[in-house]
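# Observations on the model geometry
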Amino acid sequence: MRQDWEPEDLIEVWTLLEDDMKRVRNKSGATRLGFALLLKFFEVEARFPESAKEVPAAAVEYVAQQVKVLGRGVEYLRLAR
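Described below are features of the structure shown in this document.

Cut-offs used in this document
- Residues numbered from 1 in each chain as written.
- Predicted model: local features only at pLDDT ≥ 70, side-chain atom pairs only at ≥ 80, totals over all residues.
- Heavy atoms only, no water.
- Patch = residues over 30% accessible without salt bridge, like charges linked within 9 Å, V, L, I, M, F, W, Y side chains within 5 Å.
- Areas by Shrake-Rupley, 256 points an atom, 1.4 Å probe, with all protein chains shown as cover.
- Salt bridge = Lys/Arg side-chain N within 4 Å of Asp/Glu carboxyl O.
- Helix = DSSP H or I, 4+ residues; strand = E, 2+ residues; numbered from the N terminus.
- Phe/Tyr/Trp six-rings, centres within 6.5 Å; stacked < 30°, edge-to-face > 60°.
- Buried < 20%, exposed > 50% of the residue type's maximum accessible area, 1.4 Å probe, protein only.
- Lys NZ or Arg CZ within 6 Å of the ring centre and 35° of its normal.
- Core = buried A, V, L, I, M, F, W, Y, C linked by side-chain atoms within 4.5 Å.
- Contact = heavy atoms within 4.5 Å.

### Quick word on a nonpolar patch on the surface
A cluster of nonpolar side chains, contributed by L38, F42 and F48, occupies part of the molecular surface with about 280 Å² of accessible area. In this fold, F48 is placed in the loop between α3 (29-45) and α4 (57-66).

Structure below.
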């Protein structure tokens, strides 16, 4: 997966839709963020990432804002890179 994303592309590909939000709603913290990232990554690549390094940093930040997971949850995923 590419690592550099323009803002428009990030919004188009990594925005969580209503059905996506229903799927992540019952999760919390880093689990919610990780699940959302796996969901969107799978939509794009038709596979799951082999490591956290495959998930673009910009996507982590963008999805974290959507699922309202900031601070420790994002830091946890950064450390996994």
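Right, picking up where we left off after that structure.
### A few points about the packing of aromatic side chains
Tallied over the entire structure, the rule returns two aromatic pairs. Measuring from centroid to centroid gives 6.0 Å for W5 and W14, while their planes differ by 80°, and the two rings are edge-to-face. As far as the burial class goes, W5 and W14 line up, both buried. If you follow R2 out to its NZ or CZ, it ends over the ring of W5, 3.8 Å from the centre. We note K27 situated over the ring of F35; from NZ or CZ to the ring centre the distance is 4.4 Å.

### Some details on the environment of A52
Looking at the element boundaries, A52 is found in the loop between α3 and α4. Given the relative accessible area of 27%, A52 is considered partly exposed.

### Observations concerning the pattern of salt bridges
If charged atoms from side chains of opposite charge come close, those side chains can pair. Using the criterion set out here, one finds seven salt bridges in the structure. Residue K40 pairs with E43 through a salt bridge whose shortest N-O separation is 2.9 Å. Here K40 pairs with E43, and both are found in helix α3, just three residues apart, close to one helical turn. In this structure K40 comes out as buried when scored by relative accessible area, which is 2%. Connected through shared salt-bridge partners, D20, R23, K40 and E43 make up one network.

### Description of the nonpolar core
One recurring pattern in soluble globular proteins is that nonpolar side chains are buried together. In this structure, W14, L33, L37, V63 and V67 are the most contacted members of the largest nonpolar core, which totals 17 residues. Mapped by element, the contributors of at least two residues to this core are α1 (7-14), α3 and α4. When sequence neighbours within four positions are dropped, the list of residues in contact with V63 reads W14, L16, L33, A36 and L37.

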